[in-house]
Amino acid sequence: MSKRNIALLVAAIAISATPAFARKSSDPAGDKAMHDYVLTMPKVKAYDAATNALMASAKSDPSLKAEGEAMNKEPDKTFADLKAKIAHHPHYYAFFSKQGLSVDDTVLVPITLMSACSVVQYPQIAASMADTVSPSQITFCKQNMAQLKAMKFFNGGGDSGNSDQ
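As a starting point, this report considers the structure included with it. (Residues numbered from 1 in each chain as written. Predicted model: local features only at pLDDT ≥ 70, side-chain atom pairs only at ≥ 80, totals over all residues. Heavy atoms only, no water.)

**Remarks on the overall build of the chain**
What the chain contains, in helices and strands, is nine helices and zero strands. Put simply, the chain runs from its N terminus to its C terminus through helices and strands in the order α-α-α-α-α-α-α-α-α. By the burial criterion, 43% of the 165 residues in the chain qualify as buried. If you take every contact in the chain between residues at least 6 apart in sequence, the share linking residues at least 24 apart comes to 71%. Accessible surface, the chain as shown: approximately 8,400 Å² in total, 56% of it carbon and sulfur. (Helix = DSSP H or I, 4+ residues; strand = E, 2+ residues; numbered from the N terminus. Buried < 20%, exposed > 50% of the residue type's maximum accessible area, 1.4 Å probe, protein only. Contact = heavy atoms within 4.5 Å. Areas by Shrake-Rupley, 256 points an atom, 1.4 Å probe, with all protein chains shown as cover.)

**Things to note about the environment of Gln-137**
Following the sequence through the fold, Gln-137 ends up in helix α9 (residues 135-149). In this structure Gln-137 comes out as buried when scored by relative accessible area, which is 1%. With 99 residues separating them along the chain, Gln-137 and Val-38 place their C-alpha atoms 7.2 Å apart. For Gln-137, the contacting residues outside a window of four places in its chain are Met-34, His-35, Tyr-37, Leu-39, Thr-112, Ala-116 and Thr-132. One polar contact links the side chain of Gln-137 to the main-chain carbonyl oxygen of Met-34, over a distance of 2.7 Å. In terms of polar contacts, Gln-137 uses its side chain to reach the backbone amide nitrogen of Ser-134, at 2.9 Å. (Polar contact = N/O pair within 3.5 Å; in protein donor to acceptor, adjacent residues only side chain to side chain.)

**Remarks on helix α8 (residues 103-121)**
With 19 residues, α8 should reach 27 Å at 1.5 Å per residue; the first-to-last C-alpha distance of 28 Å fits that figure. At Val-109, α8 shows its maximal kink, close to 25°; a proline, Pro-110, follows between one and four residues later. Among the 19 residues that make up α8, 14 are buried, leaving the element largely enclosed by the rest of the structure. The N-cap of α8, judged by a side-chain oxygen 3.3 Å from the amide nitrogen of Asp-104 a few residues on, is Ser-102. (Expected span 1.5 Å × (residues − 1). Bend = angle between axes of the 7 residues up to and from the residue.)

**Focus: the packing of aromatic side chains**
Summed over all chains, the structure comprises four aromatic pairs. Here the aromatic rings of Tyr-92 and Phe-96 are separated by 5.5 Å at their centres, their planes lie at 35°, and the arrangement is tilted. Of this pair, Tyr-92 and Phe-96 both sit in helix α7 (residues 90-97), four residues apart, which is roughly one turn of the helix. In this structure Phe-96 comes out as buried when scored by relative accessible area, which is 0%. Where Phe-153 meets Phe-154, the ring centres are 6.5 Å apart and the plane angle is 85°; that geometry is what we call edge-to-face. (Phe/Tyr/Trp six-rings, centres within 6.5 Å; stacked < 30°, edge-to-face > 60°.)

This is how it looks when you write it as structure tokens:
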């Protein structure tokens, strides 16, 4: 399995769920969960460790690729859909659970970071993201951007070639 395919597997939930440029949401409960989520560096580091372990295992375990493909076919329109997606794939979730992350953390860490850091990069979208991104999340991204950029999951599995810190 190529590095790119492994990165896509790891990002299966995050990318499909990220409302970074969405104008209006049809998931008020998900918007609130995302807005109220507290980002911490220990959770982000745990998520990074889990994705790194998942990527390493996926290189030699074809069942993980199959599981990622199955996950991509499942609904992912709401926060509840995303949580169900994780719950239905315990082999995948085990990597995150082992790092002490809940199902909510597994869903919310990447989508909250992507959204909040998108607001940092594109301040003009801040108003349209106010229902899903809190000021504390934006501050977190600003204060930790260098560390975040060094994490593989933040850069699409480390395959992005992005080294502008």
